[in-house]
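The lines below spell out each chain.
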Amino acid sequence: QVQLVESGGGLVQPGESLRLSCAASRITFSLYTMAWYRQAPGKQHELVASISSGGNRGYADSVKGRFTISRDNAKNTVYLQMNSLKPEDTAVYYCNARASMTYDYWGQGTQVTVSA
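Residues numbered from 1 in each chain as written. Predicted model: local features only at pLDDT ≥ 70, side-chain atom pairs only at ≥ 80, totals over all residues. Heavy atoms only, no water.

(A) Main features of the sheet that holds strand 7 (residues 67-72). Spatially, four strands are ordered 1-3-8-7 in an open sheet, and the strand pairing comes out antiparallel. Each of the sheet's edge strands pairs with one partner strand only, and the pair in question is strand 1 (3-7) and strand 7. Between one strand axis and the next, the sheet turns through 15° on average, direction left out of account. Inspection of the sheet shows strand 1 paired to strand 3 (residues 18-25) by five bridges, in the antiparallel sense. If you follow Leu4 over to strand 3, its bridge partner there is Ala24. (Pairing = 2+ DSSP bridges. Helix = DSSP H or I, 4+ residues; strand = E, 2+ residues; numbered from the N terminus. Axes fitted to C-alpha atoms, helices over the stretch in contact; angles between N-to-C directions.)

(B) Spatial organisation of the pattern of salt bridges. The final tally for this structure, using the stated rule, is five salt bridges. Between Asp61 and Lys64 there is a salt bridge, and its shortest N-O distance comes to 3.2 Å. Note on accessibility: Asp61 and Lys64 belong to one class, exposed. With its nearest N and O atoms 2.8 Å apart, the salt bridge here joins Asp89 to Arg66. A residue pair is termed long-range when its members are at least 10 positions apart, and Asp89 in the loop between strand 8 (77-82) and strand 9 (91-98) and Arg66 in the loop between strand 6 (57-59) and strand 7 qualify at 23 residues. Among the residues examined, Arg66 registers a relative accessible area of 12% and is labelled buried. (Salt bridge = Lys/Arg side-chain N within 4 Å of Asp/Glu carboxyl O. Buried < 20%, exposed > 50% of the residue type's maximum accessible area, 1.4 Å probe, protein only.)

Scope: geometric values only; no functional claims are made or implied.
Rendered as structure tokens:
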């Protein structure tokens, strides 16, 4: 059974940083596009950042310059470094692994709260 396990969420003050991790198991990790999504209360699910199997990165406009996605294929792990956090970054963050419409997996989510 495929597992994506997120960690690293928590409560921080505005301007602080967090690093999220997502460890994958039972997939050929290097073949998957990995992504982070988030969902805030009352808002739509939003793509935050993605990184392809070839290392190409993409970001939502709202996080460009503040967030960095990276992957370590040897550890089957994807990271999201979040700097200069804002209250509007508060959400549940989900890890996604996708190789096709059939091979599309989600983690359970980790809460990030940015509040003074």
